[in-house]
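The lines below spell out each chain.
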Amino acid sequence: MAARVENMSSAAPPEAADWLAIVHQVAVSRALDDLEESVLVPERKVLYQFSARGHDVTQVLLGQLLTGARDALGGYYRSRPLMLTLGLTIEEALASSMMRVGSMSEGRDIGVVFNLPRRDGPCALPVCGGVGTQYTPAVGWAQALRYREEVLGDTRCARSIAVAHGGDASTATNGFWSALNIATTQRLPLLFFIEDNGYGISVPTEMQTPGGNIAHNLRAFRGLSVLDGDGSDPLAAAELMREAVGGVRAGKGPALLRLTVPRLSGHSGQDTQTYKGSAVIAAERERDPWGKLRAQLVPASLSAEAWDGAVERARAAVGEARERVEKRSAPDPKLVRRYVFTETSQDGAVEIQAQGGLWADGALPARGSEQASPQGPRINLVTAVRRTLEHELEMNARVVVFGEDVGRKGGVHAATLGLQEKFGVARVFDTSLSEEGIIGRHGGGGPHAGARDPVSQVRRSRSRAAERLRLDALADGESFCRADGGAHSRRILQVRRSLAQSIERGAVGARDRLARRHALERRGRRRIAAHGFARQRPDHILRASRAARFRCSASRVPRRRFRPALRPGESPAERRRAHGRHLGRDGRSL
Ligand SMILES: Cc1ncc(C[n+]2csc(CCOP(=O)(O)OP(=O)(O)O)c2C)c(N)n1
Ligand SMILES: [Mg+2]
């Protein structure tokens, strides 16, 4: 367990007035869930519902502590109560789940992924439906906090922190481990806030981490304070939160707080939870933190009238917001691509993002020219890249260069040679070997450090990078598309053509993954693992792999590698033994 934190002044226990605010916020979240689950889903006005019931008390309690001038949340689809405490309005929340005009992404997403860009005060980074995508952007924010404080002298960042909020299953993702490595090796001001409800949809936590408790397993992890507790005991959980937040704020490095919570509804509106069984469901209801909070607060800190009044006001506020949202129309399908790239008004002026970048701070970039102006002798491309980076680093104190081997070595092809010596390790630095860690950090750090357009150059490890980029592309399509003007950040992705093509080719899907692997195989770069992959998820991968095969019909890979035909008189079992592969009932390879 973490050592106790002496300086807790920034995280004092709540007063009676704060408890009233906490009760109100939780009641708002419950009223939203009630309305969606019992009215709007049956009326088909909400098509995809994600209840936070059971996660709500802990989230609101944590939200009360995120008061640092530049605190940021990297949240996920079940973070709505936290978002409400950070300033998401009830109307914004409902307009999003009801997919109405003027909502955050106007029906492009699952209705619960938001962002709250702010130039001052706590903000929320863009959320994406991809599980695990929240972690490395939160690391980026934490690292940018340090950069702004130490290099740019921004005192607002001194005691600010980043919070990465995720579920138990998300701790099995690459993003989580990538973030954990970076945050601990760099001692970043980052809190991992893990709400463990025992399931990733239907899969129990024991499948995500051995023994089912990520906090236990991380106790020996160096550089990390680990706290573990029961989220259905609100007062005890609040104490742990103060300890965790206080420690990170005080500069003691990253912390991980795991709280067990009951998930009191299905994973989403469609989920009937038959996999749990009635005894488990009943036990979860017993652990509802909302009832426990009332028992702990009334009458010790609040009167019953005060509690009931706060709940009543919350319900009324949700009802009024619903009336306003019902009057909004559906979004115009013609505008579906709005904010995918930079938007310009009719006079050609660029619509400036709400947070991050130079323009939003009033600095204009130097004017460019369409005319080439040859200077000196001809140089090769690597020299041109190096000079450009050097120029940018000189011109703009917010520019940083980071990646694998770009620091002391100066890049494997010398594209950053000498830059660390000239600009120092704070601005030109090596990273851990994690493409997700590099690209994800752009998402959170870019807008904050001040880069309007983070540039990622990825050559090897394409599949990991592509994975990350596609998830980011989803995030761009989801919560980046804020209709009130101004996306959070834009990305220019300098990628090799093949990667760019594979991204263009498709949305997330096994088909594309397989197609890309086939393409690699054709070039003799890598043996594909199509069969291993297919074995994991036979049904839909089978369909996907057929599609991939069709697409790659020009492949020189022998067809029988994918569909070994049965020899005359041979049974599927004999074929399986001969090839050591799984075969479907019809004798085809899965
Ligand atoms: C990268 C990725 N893989 C799979 C999914 C499908 N999926 C959505 S939510 C979820 C479970 C996540 O569980 P957990 O992290 O414990 O959060 P909880 O929903 O329990 O709050 C899964 C598998 C996804 N959205 N993204
Ligand atoms: Mg879970």
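Residues numbered from 1 in each chain as written. Chains lettered and ligands numbered in written order. Predicted model: local features only at pLDDT ≥ 70, side-chain atom pairs only at ≥ 80, totals over all residues. Heavy atoms only, no water.

Asker: Looking at this model, I keep getting lost on the sheet that holds strand 7 (residues 225-230). Mind explaining?
Answerer: Paired through their backbone hydrogen bonds, the strands of a sheet run either parallel or antiparallel. With parallel pairing, the six strands of this open sheet are ordered in space as 2-1-3-4-8-7. Edge strands, defined here as strands with exactly one partner in the open sheet, are strand 2 (123-124) and strand 7. Relative to strand 8 (residues 255-260), strand 4 (residues 190-196) runs parallel, the two sharing six bridges. Paired with isoleucine 194 across the strands is arginine 258, a residue of strand 8. On the sheet, helix 2 (residues 56-63) packs against strand 3 (162-167), strand 4 and strand 8 and is oriented at approximately 165 degrees with respect to strand 4. (Pairing = 2+ DSSP bridges. Helix = DSSP H or I, 4+ residues; strand = E, 2+ residues; numbered from the N terminus. Contact = heavy atoms within 4.5 Å. Axes fitted to C-alpha atoms, helices over the stretch in contact; angles between N-to-C directions.)

Asker: What is the right way to read the packing of aromatic side chains from this model?
Answerer: Given two aromatic rings, their pairing is described by the distance between the two centres and the angle made by the two planes. By the definition in use, this model includes ten aromatic pairs. With a centroid separation of 4.7 Å and 70 degrees between ring planes, the pair formed by tyrosine 76 and tyrosine 77 is classed as edge-to-face. Judged by its relative accessible area of 13%, tyrosine 77 is buried. Aromatic pair phenylalanine 176 and phenylalanine 192: ring centres 5.5 Å apart, planes at 70 degrees, arrangement edge-to-face. A residue pair is termed long-range when its members are at least 10 positions apart, and phenylalanine 176 in helix 6 (residues 174-186) and phenylalanine 192 in strand 4 qualify at 16 residues. No difference in accessibility class separates phenylalanine 176 from phenylalanine 192, as the two residues are buried. What links up through ring pairs into an aromatic cluster is the set Tyr48, Phe50, Tyr76 and Tyr77. (Phe/Tyr/Trp six-rings, centres within 6.5 Å; stacked < 30°, edge-to-face > 60°. Buried < 20%, exposed > 50% of the residue type's maximum accessible area, 1.4 Å probe, protein only.)

Asker: Would you mind showing me how to read the coordination of the magnesium ion (ligand 2) here?
Answerer: For a metal with four tetrahedral donors the ideal donor-metal-donor angle is 109.5 degrees, while six octahedral donors give ideal angles of 90 or 180 degrees. Protein coordination at the magnesium ion (ligand 2) comes from Asp168 (OD), Asn197 (OD1) and Tyr199 (O), with a distance range of 2.0 to 2.2 Å. Here the donor residues of the magnesium ion (ligand 2) share one chain and are spaced in sequence as D-x28-N-x1-Y. Tyrosine 199 gets classed as buried once you look at its relative accessible area, which sits at 17%. (Donors = N, O, S within 2.8 Å, 3.2 Å for Na, K, Ca; no water.)

Asker: Would you mind showing me how to read the nonpolar core here?
Answerer: Soluble globular proteins tend to bury their nonpolar side chains together. The biggest cluster of nonpolar side chains holds 66 residues, and the ones touching the most others in it are Leu191, Leu257, Trp290 and Trp307. Ranked by residue count, the leading element in this core is helix 1 (residues 16-40), at ten residues. Those residues in contact with tryptophan 307, other than ones at most four positions away along the chain, are Val23, Trp290, Leu293, Arg294, Leu297, Val298 and Leu302. Ranked by size, the runner-up nonpolar core spans 27 residues in total, among them Leu125, Val139, Ile182 and Leu256. (Core = buried A, V, L, I, M, F, W, Y, C linked by side-chain atoms within 4.5 Å.)

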